[in-house]
Amino acid sequence: MTLIIKYIAKIDVTTGEVENISTVMGGTLPEEGIISGTDPAKQIIYIPSEGWENYEHLEIYEQFWWNGEDWVNRGVKPSQYHVWNIVTKEWEQDWDFFLSRLRHERNSRLSYCDWTQAPDTALHSSVVDAWRAYRDSLRNLPEVYKNPDLEITDLEHVQWPTPPDG
C-alpha cells in the first residue's frame, strides 16, 4: 500500500505545537524527522490522506498537537482569547490579551465621545455630566473584567455602559 501524504507539518519538538502546515505539491518531499540546526528543535511529520479526510490544514493547525508519538485532538479553540497550555494540556483564557482588546475597544468608545467634555461644547451641563458618568464607567471596565473566574469568551459578552441621549 502506498502512503499518500496530504500535508507536511513542522512541529516544535519541545511543545508539540504545530508551527506550519503545507500542502504537498509534488516533487521532492522534505525528509521526515528532526530538522538539523533548529533551536528549539523542529520536526517534520507527514500527515497522510487516510484518516485526515475531514480536516483542512487550518483545522489541524488549531485543533491538534503532537505528543511525541501521535497526534492528539485538543478540540476547537474556545475563543480568540484562549491559548493552549502545554503543561496542563488544556485551553486557558489569555486574560492579558482579552484585557488589551477590552482596553482598545474602551479607548475607541472614549474617543468617540471626547467632544462632549470640551469646554466649548454646546451641550447642557446636565448632559455633559451624564457623558462624564458614562466615560467613568468605561474607564472602570478593565477593573470589572480583570477577574479570571469570569467566563467571558468575547467582547460581545461585556456589559458595556449605555451612552446617554444627547
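In case you missed it, the structure is sitting above this.
Since this is a predicted model, take the numbers as computed values, not measurements. (Residues numbered from 1 in each chain as written. Predicted model: local features only at pLDDT ≥ 70, side-chain atom pairs only at ≥ 80, totals over all residues. Heavy atoms only, no water.)

Colleague: Help me understand helix 2 (residues 95-112), please; the structure alone is not making it clear to me.
Modeller: Since the α-helix packs 3.6 residues into each turn, any two residues three or four apart lie on the same face. With 18 residues, helix 2 extends 25 Å from end C-alpha to end C-alpha; this agrees with the ideal 26 Å at 1.5 Å per step. The set of residues buried in helix 2 consists of Trp-95, Phe-98, Leu-99, Leu-102, Arg-106 and Leu-110. Along the axis of helix 2, the buried positions cluster into a sector of 110°, meaning they face one direction only. Opposite the buried face of helix 2, at more than 90 degrees from it, the exposed residues are Asp-96 and Tyr-112. Contact partners of the buried residues in helix 2: strand 8 (90-93) and helix 3 (125-144). (Helix = DSSP H or I, 4+ residues; strand = E, 2+ residues; numbered from the N terminus. Expected span 1.5 Å × (residues − 1). Buried < 20%, exposed > 50% of the residue type's maximum accessible area, 1.4 Å probe, protein only. Arc of directions from axis to C-beta. Contact = heavy atoms within 4.5 Å.)

Colleague: Mind showing me how you'd approach the pattern of salt bridges here?
Modeller: Here the idea is simple: oppositely charged side chains can pair when their charged atoms come close. Applying the stated criterion to the full structure yields seven salt bridges. With a shortest N-O distance of 2.8 Å, Arg-74 and Glu-17 are connected by a salt bridge. Pair noted here: Arg-74 is in the loop between strand 6 (71-73) and strand 7 (82-85) and Glu-17 is in the loop between strand 1 (5-12) and strand 2 (18-23), with a separation of 57 residues, a long-range link. On the basis of relative accessible area, Arg-74 is assigned to the buried category, the value being 11%. Salt-bridge contacts for Lys-42 lead to Glu-19; the nearest nitrogen and oxygen are separated by 3.0 Å. (Salt bridge = Lys/Arg side-chain N within 4 Å of Asp/Glu carboxyl O.)

By themselves, these figures tell us nothing about what the structure is for.
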